[in-house]
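# Observations on the model geometry
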Amino acid sequence: MKNSDTNKELKKLVGTAAAGLIESGMTCGIGTGSTVAFLIEELGQRIRDEGLEITGVPTSFQSKILCRKYGIKVKDLQDCTELDLAIDGADEVDPELNAIKGGGAAHTLEKIVAAMAKKFVIIVDESKLVPELGTTFPIPVEIIPSALSFVTATVKEWGGESQLRMGLRKDGPVVSDNGQFIIDLKFKPGTDLRKIDAQLRQLPGVVETGLFYDLAKQVLVGSAKDMSVKTLERKQ
Ligand code: 5RP
């Protein structure tokens with residue numbers, strides 16, 4: 001499972017750089033996680049220093065609390081139809097800029113925000129770049145609790161393994177901001193995960209998967225070499 005404390009300097013580098021993409025007047029989707037926390041902090045700094053005027057649409061309680069702490073005006077996702085930009089972290093990114101997200105169990109709202117944005121940008125440290133999705137990180141799937149046995153058994157039939165995500169400093173399963181369970185799935189290398197994604201989304205009880213195909217237009221990568229930020233663009 002993810003460790004939010006790793007590569008903090010690179011996360012800060014890339015999170016801070018990403019704040020530069022946001023212009024006054026924009027309404028922006030704000031993702032979730034330790035990299036995004038640095039983005040929010042820098043936006044707070046720009047609001048104080050430059051009088052930047054933006055509206056943030058947070059994808060979790062964590063991000064909403066941080067936005068309020070740093071003076072970013074927030075709007076409910078429910079009240080939005082389109083966003084100028086969305087910026088979010090990821091757990092893995094492949095060479096086509098597809099991603100696995102949901103290490104923080106926030107991927108359902110994160111995917112809605114990514115789909116609503118004119119431009120969706122992912123921010124990661126270089127350890128998140130992988131040749132193939134599923135290399136280092138399982139696939140988080142949000143399900144309604146009553147579907148647990150059914151989805152687990154179906155995933156097993158497809159050759160996958162499923163684990164119910166358990167809380168840390170909380171007894172029992174993780175309950176998402178939407179009141180649902182999270183299962184983490186593993187498949188053999190070389191499995192067609194795009195197909196698995198489509199199949200999962202057909203299953204009753206599945207709310208959303210953490211596979212983000214064809215959504216990111218750009219990925220900013222914090223690289224330890226020269227402590228620089230590289231920009232990867234999606235090929236059309
Ligand atoms: C939350 C996410 C996060 O963006 C992802 O887990 C990356 O987090 P971090 O920046 O802490 O490594 O998808 O659901």
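For the structure itself, look to the data block above.
Below, the structure is looked at part by part. As a convention, each chain's residues are numbered from 1 in the sequence order in which they are written. Only residues with pLDDT of at least 70 are given local features in this predicted model, and only at 80 or more are side-chain atom pairs given and counted; all residues enter the totals for whole chains, interfaces and linings. Side-chain numbers here rest on the full set of heavy atoms in the structure, without hydrogens or water.

### Focus on the sheet that holds strand β3 (residues 73–74)
Whether two strands pair depends on DSSP finding at least two bridges between them. By the criteria applied, helices consist of DSSP H or I runs no shorter than four residues and strands consist of E runs no shorter than two, each listed in order from the N terminus. Pairing in this open sheet of 7 strands is mixed, and the strands run β3-β2-β1-β4-β7-β13-β14 from one edge to the other. Whereas interior strands pair on both sides, the edge strands pair on one side only; in this sheet they are β3 and β14 (228–233). As judged from the 2 bridges shared by strand β2 (residues 55–58) and β3, these two strands associate in the parallel manner. The residue bridging Gly56 from the neighbouring strand is Val74, located in β3.

### Some points on the site of the ligand
In this text, near means that some heavy atom of the residue lies within 4 Å of the molecule or strand in question. For the ligand, the set of nearby residues contains 19 residues, the closest of which are Thr32, Ser34, Thr35, Asp91 and Gly102. In protein, a polar contact means a hydrogen-donor-capable atom and an acceptor-capable atom, both N or O and within 3.5 Å, with residues adjacent in sequence counting only if both atoms are side-chain atoms; elsewhere, any N or O pair within 3.5 Å suffices. In this structure, an oxygen atom belonging to the ligand sits 2.6 Å away from a side-chain N or O atom of Asp91. One of the side-chain nitrogen or oxygen atoms of Lys128 is found 2.8 Å away from an oxygen atom of the ligand. The Shrake-Rupley method, run with a 1.4 Å probe, gives the accessible areas here. Residue values count only the displayed protein chains as cover. Summarising the interface, the protein chains cover 99% of the accessible area of the ligand, which totals 380 Å² for the free molecule. Secondary structure elements with two or more residues in the shell around the ligand: α2 (34–50) and α4 (107–116). For this classification, Asp, Glu, Lys and Arg are treated as charged, while Ala, Val, Leu, Ile, Met, Phe, Trp, Tyr, Cys and Pro are nonpolar and the rest, including Gly, are polar. Looking at the shell around the ligand, its residues break down into 3 nonpolar, 9 polar and 7 charged.

### Brief notes about the sheet that holds strand β8 (residues 139–143)
Spatial ordering of the open sheet is given by β9-β10-β8-β11, a layout of 4 strands whose pairing is antiparallel. Both edges of this open sheet fall to β9 (161–164) and β11 (206–209), since each of them pairs with a single strand only. Strand-to-strand twist of the sheet, defined as the mean angle between neighbouring strand axes without regard to direction, takes the value 30 degrees. In terms of strand pairing, β9 meets strand β10 (residues 181–186) through 4 bridges, oriented antiparallel. Bridge pairing in β10 links Glu161 to Lys186. Contact criterion: two residues are considered in contact whenever any of their non-hydrogen atoms come within 4.5 Å of each other. Fitted lines through C-alpha atoms give the axes, limited to the stretch in contact for helices. The angle between two N-to-C directions lies from 0 to 180 degrees. This element, helix α6 (residues 193–202), spans β8, β10 and β11 of the sheet and lies at about 155 degrees to β11.

### A few points about the state of the cysteines
Defined by distance alone, a disulfide is two cysteine sulfur atoms within 2.5 Å. Under the definition given, this model contains 0 disulfides. The thiol sulfur of Cys28 is not disulfide-bonded, and the nearest other cysteine sulfur, from Cys67, lies at 10 Å.

### Re the pairing of strand β13 (residues 218–223)
Summary of the burial criterion: residues with accessible area below 20% of their type's maximum are buried, those above 50% are exposed, and those between are partly exposed, where the area comes from a 1.4 Å probe applied to protein chains only. The buried fraction of β13 is high, at 6 of 6 residues. Side-chain alternation along β13 places Gln218, Leu220 and Gly222 on one buried face and Val219, Val221 and Ser223 on a second face that is also buried. Pairing between strand β7 (residues 120–125) and β13: 5 bridges, direction parallel. Bridging from a neighbouring strand, Ile122 pairs with Val219 of β13. Here 6 bridges tie β13 to β14, and the two strands are oriented antiparallel to one another. In the strand pairing of β14, Gln218 is matched with Glu233. The hairpin formed by β13 and β14 contains 4 residues between the paired strands, and Asp226 there has a positive phi angle of roughly 65 degrees.

### Some points on α4
Counting buried residues in α4 gives 7 out of 10 residues, a clear majority hidden from the surface. What α4 keeps buried is the set His107, Thr108, Glu110, Lys111, Val113, Ala114 and Met116.

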